[in-house]
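# Secondary and tertiary structure notes
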Amino acid sequence: QVQLVESGGGLVQAGGSLRLSCAASGLTFSNYGMGWFRQAPGKEREFVAAIGWTGDSTYYADSVKGRFTISRDNAKNTVYLQMNSLKPEDTAVYSCNAVVAEGILTYNYWGQGTQITVST
């Protein structure tokens, strides 16, 4: 059974930093691309950042580029999101995602999410 468990969320003041972790189990972690998405109240879920299975390739939404850094530790089956210079508009539930394509099939898993609240 695949599980993705996020941690590290909480309340932080604007300009502060947080680091999210997503621990994966039940899958061959190093085969999966990993990503972070977020959903604010009343809004659609949006892409935040992604990292390739080797960690060499990273991608960011324009809104977080230069402030957030995604990384992974395949030995620990964990992906991280370092968030600096947080803004109130970063307030959302952050979820991690694991995806792999095998032939014609795509396997896609989600964590339960962790709340980030950035106060002014």
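Description of the structure in this document. Just so we're clear, the structure is a prediction, and the values are computed from it rather than from any experiment. (Residues numbered from 1 in each chain as written. Predicted model: local features only at pLDDT ≥ 70, side-chain atom pairs only at ≥ 80, totals over all residues. Heavy atoms only, no water.)

## Some words on the overall build of the protein chain
To be explicit about the condition: Think of it this way: any DSSP run of H or I at least four residues long counts as a helix, any run of E at least two long counts as a strand, and we number them from the N terminus. For the radius of gyration, the atom set is restricted to C-alpha positions; the globular benchmark scales as 2.2 Å times the number of residues to the power 0.38. Buried means the residue's accessible area, taken with a 1.4 Å probe over protein chains only, is under 20% of the maximum for its type, while exposed means over 50%, and partly exposed covers the values in between.
A count of helical and extended segments in the protein chain gives 0 helices and 11 strands. In the protein chain, the succession of helices and strands from N to C terminus is β-β-β-β-β-β-β-β-β-β-β. Here the C-alpha atoms of the protein chain give a radius of gyration of 14 Å, agreeing with the 14 Å that 2.2 N^0.38 yields for 120 residues. C-alpha atoms of the protein chain, sized along the principal axes, occupy 45 × 30 × 25 Å. Within the span of the protein chain, comprising 120 residues, buried residues form 42% of the whole.

## A look at unusual backbone geometry
Phi at asparagine 77 takes a positive value of approximately 55°, unusual for a residue other than glycine. Along the chain, asparagine 77 falls in the loop between strand S7 (68-73) and strand S8 (78-83). Non-glycine residue serine 85 carries a positive phi angle of around 50°. Tracing the backbone shows serine 85 in the loop between S8 and strand S9 (92-102). Residue classification places serine 85 among the partly exposed positions, given a relative accessible area of 39%.

## Looking at the pattern of salt bridges
Selection rule: Salt bridge, as used here: a side-chain nitrogen of Lys or Arg that lies within 4 Å of a carboxyl oxygen of Asp or Glu.
For the coordinates displayed, the defined rule picks out 4 salt bridges. Here aspartate 90 ties to arginine 38 by a salt bridge, and the two come within 2.9 Å at their closest N and O atoms. Placement of aspartate 90 in the loop between S8 and S9 and of arginine 38 in strand S4 (residues 33-39) is noted, with a sequence separation of 52 residues between them. Note on accessibility: aspartate 90 and arginine 38 belong to one class, buried. Two residues, lysine 65 and aspartate 62, come together in a salt bridge whose shortest N-O distance is 3.1 Å. Among the residues examined, aspartate 62 registers a relative accessible area of 66% and is labelled exposed. What you see here is one network of salt bridges that share partners, running through Arg38, Glu46, Arg67 and Asp90.

## A few points about the sheet that holds strand S1 (residues 3-7)
Threshold: Two strands qualify as a pair provided that DSSP identifies no fewer than 2 bridges between them. Axes here refer to lines fitted to C-alpha atoms; in helices the fit is confined to the stretch in contact. Angles between the N-to-C directions go from 0 to 180 degrees.
The antiparallel open sheet is built from 4 strands, whose spatial order is S1-S3-S8-S7. Each edge of the open sheet is held by one strand with a lone partner, namely S1 and S7. For this sheet, the mean angle separating the axes of adjacent strands, direction not counted, is 15°. Here S7 pairs with S8 via 6 bridges, running antiparallel. Bridged to aspartate 73 within S8 is threonine 78.

## Looking at the environment of glycine 10
The condition is simple: By definition, residues are in contact when any of their heavy atoms lie within 4.5 Å.
Inspection of the secondary structure assignment puts glycine 10 in strand S2 (residues 10-13). Taking C-alpha positions, glycine 10 is 15 Å from serine 85, a pair spaced 75 residues apart along the chain. If near-sequence neighbours (up to four positions away) are discounted, glycine 10 is found in contact with Leu18, Gln115, Ile116 and Thr117.

Treat this as a map of the structure, not an account of what it does.
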